[in-house]
Amino acid sequence: MEYDPQSDAAYIRTARKKISRTIEIDSTTFVDLDKDNHIVGMEILNFSRTKVDITQLITKQLGNLANVAE
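(A) Representation of the overall build of the chain in the model. Assigned secondary structure in the chain consists of 1 helix and 5 strands. Each helix and strand of the chain, ordered N terminal to C terminal, gives the series β-β-β-β-β-α. Counting all 70 residues of the chain, 30% fall into the buried class. A separation threshold of at least 6 residues defines the contact pool for the chain, and within that pool the share at least 24 residues apart is 42%. With the model as given, the accessible surface of the chain reaches about 4,800 Å², and the carbon-plus-sulfur share is 49%.

(B) Expanded view of the sheet that holds strand 1 (residues 2-4). Spatially, 5 strands are ordered 1-2-5-4-3 in an open sheet, and the strand pairing comes out antiparallel. In the strand order of this sheet, the two ends are held by strand 1 and strand 3 (21-26), each with one partner. Averaged over neighbouring strand pairs, the angle between their axes works out to 20 degrees when direction is ignored. In this sheet, strand 5 (residues 39-45) lies alongside strand 4 (residues 29-33) in antiparallel orientation, the contact comprising 5 bridges.

(C) Here's a closer look at the pattern of salt bridges. Evaluation of the coordinates by the stated rule reveals 2 salt bridges. Across the pair D34 and K17 runs a salt bridge, and its minimum N-O distance is 3.6 Å. Of the two residues, D34 is situated in the loop between strand 4 and strand 5 and K17 in the loop between strand 2 (9-13) and strand 3; the sequence distance between them amounts to 17 residues. For D34, a relative accessible area of 4% translates into the label buried. Using a relative accessible area of 46% as the deciding quantity, one classes K17 as partly exposed. We note a salt bridge from D36 to K35, for which the minimum N-O separation is 3.8 Å.

(D) Region of interest: the side chain of D32. Inspection of the secondary structure assignment puts D32 in strand 4. For the buried D32, no salt bridge exists, and the shortest N-O distance to an oppositely charged side chain is 7.0 Å, to R13. Within the structure, D32 has its side chain in polar contact with the side chain of Y11 (distance 2.7 Å). A polar atom in the side chain of D32 sits 2.7 Å from the side chain of T22.

(E) How the structure looks around the nonpolar core. By size, the foremost hydrophobic cluster in this structure holds 7 residues: I12, I23, I25, V31, L33, M42 and I44. Contributing elements (two or more residues each) for this core: strand 3, strand 4 and strand 5.

Conventions we followed
Residues numbered from 1 in each chain as written. Predicted model: local features only at pLDDT ≥ 70, side-chain atom pairs only at ≥ 80, totals over all residues. Heavy atoms only, no water. Helix = DSSP H or I, 4+ residues; strand = E, 2+ residues; numbered from the N terminus. Buried < 20%, exposed > 50% of the residue type's maximum accessible area, 1.4 Å probe, protein only. Contact = heavy atoms within 4.5 Å. Areas by Shrake-Rupley, 256 points an atom, 1.4 Å probe, with all protein chains shown as cover. Pairing = 2+ DSSP bridges. Axes fitted to C-alpha atoms, helices over the stretch in contact; angles between N-to-C directions. Salt bridge = Lys/Arg side-chain N within 4 Å of Asp/Glu carboxyl O. Lys, Arg positive; Asp, Glu negative; His and termini not counted. Polar contact = N/O pair within 3.5 Å; in protein donor to acceptor, adjacent residues only side chain to side chain. Core = buried A, V, L, I, M, F, W, Y, C linked by side-chain atoms within 4.5 Å.

Purely geometric numbers; function is a separate question.
Given below as structure tokens:
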């Protein structure tokens, strides 16, 4: 996980593959996919204001992504 304090954004990389497209989950959460719709990473904006357990957030967003990516 990387965090940029200037932009208050966190990025969680799950694979070192080329990003093919990005899906907006909500106004602060974006998921990057490769050409086969496998998750490459997730960006969370306004991260310092996010009061959610990061594990819970990832699980919730991945569940939402499964519906969007199909």
